[in-house]
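If you want the building blocks of each chain, they are given just below.
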Amino acid sequence: MSAPERIPPRSLTPPTRLPPPSKEASRLVPPAELLALGELTVRGRVREASNAVLYCTVEYEGHSASCVYKPVAGERPLWDFPDGTLAQREVAAYEVSEATGWGLVPPTVLRDGPYGQGMCQLWIEVEAAGGGADGDRADGDGSGQAGGPELLALVEGDEPGPGWKAVGYAEVGEGRTALLVHADDVRLRRLAVLDAVINNGDRKGGHLLPAAGGRLYAIDHGVTFNADDKLRTLLWGWAGEPLPKDVLEVLARLADQLADGSPLCARLAELITEAEIEALRARVAALLRTGKHPEPSGQWPAIPWPPV
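Residues numbered from 1 in each chain as written. Predicted model: local features only at pLDDT ≥ 70, side-chain atom pairs only at ≥ 80, totals over all residues. Heavy atoms only, no water.

Caption draft 1: The nonpolar core, seen in detail. Val 96, Leu 188, Val 197, Phe 225, Leu 254, Leu 268 and Leu 280 are the most contacted members of the largest nonpolar core, which has 50 residues in total. Listed by contribution, the elements that provide at least two residues to this core are helix H2 (86–100), strand S7 (152–155), strand S9 (176–183), helix H3 (186–198), strand S11 (216–218), helix H4 (245–257), helix H5 (263–269) and helix H6 (274–290). Here this core gets 8 residues from one element, more than from any other, and that element is H3. Those residues in contact with Val 96 that lie beyond four places of it in its chain are Leu 194, Val 197, Ile 198, Phe 225, Leu 254, Leu 268 and Leu 280. Among the nonpolar cores identified, the runner-up in size contains 13 residues, and Leu 35, Leu 54, Cys 56 and Val 109 belong to it. (Core = buried A, V, L, I, M, F, W, Y, C linked by side-chain atoms within 4.5 Å. Buried < 20%, exposed > 50% of the residue type's maximum accessible area, 1.4 Å probe, protein only. Helix = DSSP H or I, 4+ residues; strand = E, 2+ residues; numbered from the N terminus. Contact = heavy atoms within 4.5 Å.)

Listed below in structure tokens is the structure:
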């Protein structure tokens with residue numbers, strides 16, 4: 001098997017290291033509170049992003065953190081999403097992720113900033129390649145956790161090999177193709193389910209952030225929650241396979257939390273439309289009814305471009 005393809009880290013100008021909380025900090029401030037109430041200072045811009053993405057620091061009650069600020073004013077119009085709604089969808093993705101208990105999306109809030117209202121999300125430091133992560137290796141049933149940041153790879157041949165799931169073939173130049181695979185990793189499997197729930201139309205490799213302690217975060221959820229089926233992802237390795245029991249239990253709890261009048265439903269109503277909430281409920285119900293990971297519909301490209 002060839003070496004796993006490294007996902008390039010997000011580049012920014014200029015990087016800034018923050019000092020630890022000051023001695024005057026009297027309490028531990030939850031990240032969402034820090035993001036929502038702190039003073040936001042722009043330090044640079046993340047390059048190669050399709051919309052305006054600003055690297056910032058936020059300070060509140062003696063605490064500080066790095067974060068990403070995406071002002072609504074910097075969003076490019078899309079033909080299939082209402083203008084000026086991507087920031088709200090990013091926050092909605094965080095709310096649903098938190099409802100599952102999986103913690104796959106970094107703390108994310110909607111707030112005013114130097115360039116108007118926008119999404120503000122905690123910055124995640126990516127673990128260095130080869131650093132390893134605590135946890136057990138995946139065993140194929142979704143119960144383990146692959147070590148290190150090697151989540152995607154291009155391999156020769158027609159089989160993914162132990163610990164990997166096949167996605168499809170990719171052109172690698174000079175008329176050659178390679179098999180694109182992703183790790184058979186419980187964190188990725190949960191993310192594949194979350195993407196199906198929120199109808200993510202753009203799950204790329206660069207959106208996967210392996211962090212310290214074996215955590216995996218996913219970012220860039222602006223094109224989600226469309227009422228029409230838009231699922232495009234690199235995580236098709238489990239397509240058509242039965243959902244693990246623990247995932248079905250999470251989906252059942254999520255269905256309850258999406259009932260009319262629930263706190264989660266009330267929060268989502270501030271961020272997405274009623275039709276989109278109904279479609280969200282329908283997707284959760286469909287996953288519970290079939291008990292399987294979804295498969296590509298064949299009606300549009302199933303993998304986003306570019307894939308990374």
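Caption draft 2: Summary view of the packing of aromatic side chains. All chains considered together, the criterion is met by 1 aromatic pair. For the pair Tyr 55 and Trp 123, a centre-to-centre distance of 4.8 Å together with 80 degrees between the ring planes defines the contact as edge-to-face. With Tyr 55 in strand S3 (residues 54–60) and Trp 123 in the loop between strand S6 (116–122) and S7, this pair connects stretches of sequence that are 68 residues apart. One exposure class covers both Tyr 55 and Trp 123, and it is buried. (Phe/Tyr/Trp six-rings, centres within 6.5 Å; stacked < 30°, edge-to-face > 60°.)

Caption draft 3: Spatial organisation of H6. Given a rise of 1.5 Å per residue, 17 residues ought to cover 24 Å, and the 24 Å separating the end C-alpha atoms of H6 matches this to within 8%. Buried residues of H6: Glu 276, Ile 277, Ala 279, Leu 280, Arg 281, Arg 283, Val 284 and Leu 287, and no others. In this structure, the buried side of H6 is in contact with H2, H3, H4 and H5. Immediately beyond the C-terminal end of H6, within one or two residues, lies Gly 291, with a positive phi of roughly 70 degrees. (Expected span 1.5 Å × (residues − 1).)

Caption draft 4: Looking closely at the pattern of salt bridges. Here the structure, examined in full by the defined rule, presents 15 salt bridges. A salt bridge links Arg 267 to Glu 95, with the nearest nitrogen and oxygen atoms 3.2 Å apart. With Arg 267 in helix H5 and Glu 95 in helix H2, the pair connects residues that are 172 residues apart, well separated along the chain. In this structure, Asp 260 engages Arg 281 in a salt bridge whose closest nitrogen and oxygen atoms are separated by 2.8 Å. One end of the pair, Asp 260, is in the loop between H4 and H5; the other, Arg 281, is in helix H6, and 21 residues separate them in sequence. Residue Asp 260 is classed as exposed on the basis of its relative accessible area, which comes to 64%. Look at Arg 281 and you get buried, because its relative accessible area is 16%. Through salt bridges with shared partners, a single network forms among Asp 260, Glu 274, Glu 278 and Arg 281. (Salt bridge = Lys/Arg side-chain N within 4 Å of Asp/Glu carboxyl O.)

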